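Residues per chain are reported as follows:
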Amino acid sequence: MKYLVTGAAGFIGSAVSERLCAQGHEVIGIDNINDYYDINLKLARLDRISHPAFTFIKMDLADREGIADLFADQCFDRVIHLAAQAGVRYSIDNPLAYADSNLVGHLTILEGCRQHHVQHLVYASSSSVYGLNQKMPFDTADSVDHPISLYAATKKSNELMAHSYSHLYGIPTTGLRFFLRFTVPGDGQIWRCLSSPKRLLKVSQLISTTMVICAVTLPISRYRRRDYPYTGRDPKNKSRMDG
């Protein structure tokens with residue numbers, strides 16, 4: 001099958017692209033390589049893919065004509081839409097970046113899927129949509145009507161837009177509400193890692209559905225704290241992708 005993966009230079013997008021290529025699929029990856037964080041990290045991820053079935057195109061989701069032409073030229077079977085302007089705090093100072101990438105960009109992908117009869121669209125939502133929800137643990141049936149950041153509001157909008165397109169045009173869509181996760185690469189023990197802040201090796205987005213082993217509170221700074229689910233290696237689950 002032929003896949004479009006947006007956000008292909010991201011942590012999740014690059015890993016998904018690698019996995020699809022390894023399974024024998026053709027992958028077109030797009031990313032605008034913006035400087036929200038170090039672009040060298042993004043470029044290194046793209047270099048790591050290095051597979052003949054993978055083609056990278058630098059493109060912005062808000063480029064309506066470019067995205068339309070891409071769908072027309074490539075005839076994708078399925079789309080995995082992971083690109084977005086991320087970050088809750090960044091949205092306070094740069095709100096228009098979220099309108100361009102998360103709203104206009106999401107709509108260009110939906111339109112491409114509609115016009116070219118894509119079999120299935122999988123897109124990235126966010127756990128941020130739960131907003132002021134006090135119920136723990138979160139559930140997909142919970143109300144998400146009270147987002148507390150512009151980023152969360154755009155992600156809730158993405159879910160509504162996808163639902164509308166699915167209803168109107170029969171496009172199968174699946175939204176994934178990603179959480180940030182804390183993990184230790186390999187077989188390292190979480191408690192060893194927690195005992196030394198220098199050994200907090202990775203905070204990254206969850207690539208696949210996994211069982212949350214425990215929840216830990218990590219000091220991010222003197223004034224901020226937040227919870228992360230810990231997803232360590234499970235020898236019984238060979239499909240898990242750690243790190």
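In this report, the structure presented in the accompanying data block is examined. Everything numeric here is computed off the predicted structure, so don't read it as measured data.

Throughout the structure, instances matching the rule amount to 3 salt bridges. We note a salt bridge from K2 to E26, for which the minimum N-O separation is 3.9 Å. You can see K2 sitting in strand β1 (residues 2–6) and its partner E26 sitting in strand β2 (residues 26–31), a full 24 residues away along the chain. Measuring nitrogen to oxygen at the nearest pair gives 2.8 Å for the salt bridge that ties R114 to E111. Taken as a pair, R114 and E111 lie in helix α5 (residues 95–115) at a separation of 3 residues, close to a single helical turn.

Attention now goes to a nonpolar patch on the surface. On the surface, a nonpolar cluster with roughly 330 Å² of combined accessible area is contributed by Y36, Y37, L41 and Y90. The topology assignment puts Y90 in helix α4 (residues 90–93). For Y90, a relative accessible area of 30% corresponds to the partly exposed category.

Over its 20 residues, helix α6 (residues 150–169) runs 28 Å from end to end, which matches the ideal 28 Å to within 8%, given 1.5 Å per residue. Among all positions of α6, only Y151, A152, T154, K155, K156, N158, E159, M161, A162 and Y165 are buried. Looking at the buried positions of α6, the neighbouring elements they touch are α4, α5, β5 (120–126) and β6 (173–178). Positive backbone phi, approximately 70 degrees, marks G170, located one or two places after α6.

One can find K42 in helix α2 (residues 39–49). We classify K42 as buried; its relative accessible area is 5%. As for K42 and A8, which are separated by 34 residues in sequence, their C-alpha atoms are 8.7 Å apart. Not counting residues within four places of it along the chain, the set of residues in contact with K42 comprises A9, I33, N34 and Y37.

Looking now at the environment of A152. With respect to the secondary-structure elements, A152 resides in helix α6. Between the C-alpha atom of A152 and that of S125, which follows or precedes it by 27 residues, the distance is 8.8 Å. Residues in contact with A152, not counting those within four places in the same chain, are S128, V129 and P147.

Conventions used here
- Residues numbered from 1 in each chain as written.
- Predicted model: local features only at pLDDT ≥ 70, side-chain atom pairs only at ≥ 80, totals over all residues.
- Heavy atoms only, no water.
- Salt bridge = Lys/Arg side-chain N within 4 Å of Asp/Glu carboxyl O.
- Helix = DSSP H or I, 4+ residues; strand = E, 2+ residues; numbered from the N terminus.
- Patch = residues over 30% accessible without salt bridge, like charges linked within 9 Å, V, L, I, M, F, W, Y side chains within 5 Å.
- Areas by Shrake-Rupley, 256 points an atom, 1.4 Å probe, with all protein chains shown as cover.
- Buried < 20%, exposed > 50% of the residue type's maximum accessible area, 1.4 Å probe, protein only.
- Expected span 1.5 Å × (residues − 1).
- Contact = heavy atoms within 4.5 Å.

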